[in-house]
Amino acid sequence: MSEVWVAGEALIDLVPDGTTRQAIVGGGAANTAKALAALGVKTRFIGGISEDEFGVAIAEELSGVDLSLGVRSSLQTALAIVTLDESGSASYEFQLENTATFDFQESWLPKGSPEVLHIGTLATVVEPGSNSLFDWASKLDVPILYDPNIRPSVLGNREKYREVVQRWASISKIVKLSTEDLSWLGYSDCSFLLDLGVELVVLTEGESGLSGFTRSRVVSVPAVKVNVADTVGAGDTVGAVLLEGVVKFGVDGLVDEKLEFVLKRAAKAAAITCSRSGAKPPKSEELA
């Protein structure tokens, strides 16, 4: 059975719930791993998980994901304080220093290789773990799907962030990002990624849908209309469906009708996630 590795952070989102905040398992990599496992793909998570109460909650939330390639730690869990605007879109303030979440080290990062590796969000930014993660990932002879998932509240230096994105994109076959990511980085289109050797760029465009860019053409699909509870985990769900597509068709096979099929499936999956509070991705049978 094909296997996907998802490397990055599993943390706790503190989400507004009336006058208080509810602790919900989050992090781009954790959400992606959970969404991929829900689709029936064998998924292994690579990251640090604390032994504190939040770490226990993370392990329980990721019960459908193989956690054997990660590391358990006495360090605390990283926290993301979430703010939701009137449309349900989320912004984040992070508490990351000295946490298990970003304690990536060569000594425990796994050997071997999966069908495809997914990596992104804060794990590619927070040093020094991000450097260890890059050195490890760059030596794997497997296709990489990179999701920058820009977080200016963690790295506000635009030029530095652009360097990070270009570095990771240079070793990736597929990059998924949003129009907000692109705009904040200061790019007008995705061509810079294709120039770096990326074979497929998938751009999430909110209510306008999704587009897939290759060197030869663009494939666009509309968004699926839904009553939005919030957008937490929607982009990560798109990433999971893209990974599912790579497993099924290969990177080279994600073109034309097959790419359109995968993008439509991703749009539907993201819509279902948006219809629910928190990152609650759909199972495969919900997309049938």
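Above this text you will find the structure in question.
(A) Expanded view of the sheet that holds strand 3 (residues 20-26). Pairing within the open sheet is mixed, and its four strands lie in the order 3-2-7-8. Every interior strand has two partners, whereas the edge strands, strand 3 and strand 8 (90-95), have only one. Sheet twist, expressed as the average angle between the axes of neighbouring strands with direction ignored, equals 30 degrees. Strand direction decides the pairing type here: strand 7 (residues 79-84) and strand 8, joined by six bridges, are antiparallel. If you follow Thr83 over to strand 8, its bridge partner there is Ser91. Helix 2 (residues 53-61) contacts strand 2 (11-17), strand 3 and strand 7 of the sheet and is inclined by roughly 55 degrees relative to strand 3.

(B) The packing of helix 7 (residues 234-249) against helix 8 (residues 256-274), seen in detail. Following both chains from N to C, one finds helix 7 and helix 8 inclined at 150 degrees, their axes separated by 8 Å at the closest point. Our classification of the angle between helix 7 and helix 8 gives roughly antiparallel. Of the two possible hands of crossing, helix 7 and helix 8 adopt the one that is right-handed. Contacts between helix 7 and helix 8 involve Ala234, Thr237, Val238, Val241, Leu242, Glu244, Gly245, Lys248 and Phe249 from the former and Lys258, Phe261, Val262, Leu263, Arg265, Ala266, Ala269, Ala270, Thr273 and Cys274 from the latter. For the contact of helix 7 with helix 8, a count of residues per class yields 12 nonpolar, three polar and four charged.

(C) Molecular detail of the packing of aromatic side chains. One pass over the structure, following the stated rule, counts seven aromatic pairs. Arranged with centres 6.3 Å apart and planes meeting at 10 degrees, the rings of Trp5 and Trp136 form a pair that is stacked. Of this pair, Trp5 sits in strand 1 (residues 3-7) while Trp136 sits in helix 3 (residues 129-138), placing them 131 residues apart in sequence. Owing to a relative accessible area of 11%, Trp136 belongs among the buried residues under this scheme.

(D) The pairing of strand 7, seen in detail. Relative to strand 7, strand 2 runs parallel, the two being bridged by three bridges. Following the sheet pairing, Ile12 is matched in strand 7 by Leu79. The antiparallel hairpin formed by strand 7 and strand 8 contains five residues in its connecting segment, where Gly88 sits at a positive phi of about 95 degrees.

What counts and what doesn't
Residues numbered from 1 in each chain as written. Predicted model: local features only at pLDDT ≥ 70, side-chain atom pairs only at ≥ 80, totals over all residues. Heavy atoms only, no water. Pairing = 2+ DSSP bridges. Helix = DSSP H or I, 4+ residues; strand = E, 2+ residues; numbered from the N terminus. Axes fitted to C-alpha atoms, helices over the stretch in contact; angles between N-to-C directions. Contact = heavy atoms within 4.5 Å. Parallel < 35°, antiparallel > 145°, perpendicular 65-115°, else oblique. Left-handed = near helix turned anticlockwise from the far one by under 90°. Nonpolar A, V, L, I, M, F, W, Y, C, P; charged D, E, K, R; others polar. Phe/Tyr/Trp six-rings, centres within 6.5 Å; stacked < 30°, edge-to-face > 60°. Buried < 20%, exposed > 50% of the residue type's maximum accessible area, 1.4 Å probe, protein only.

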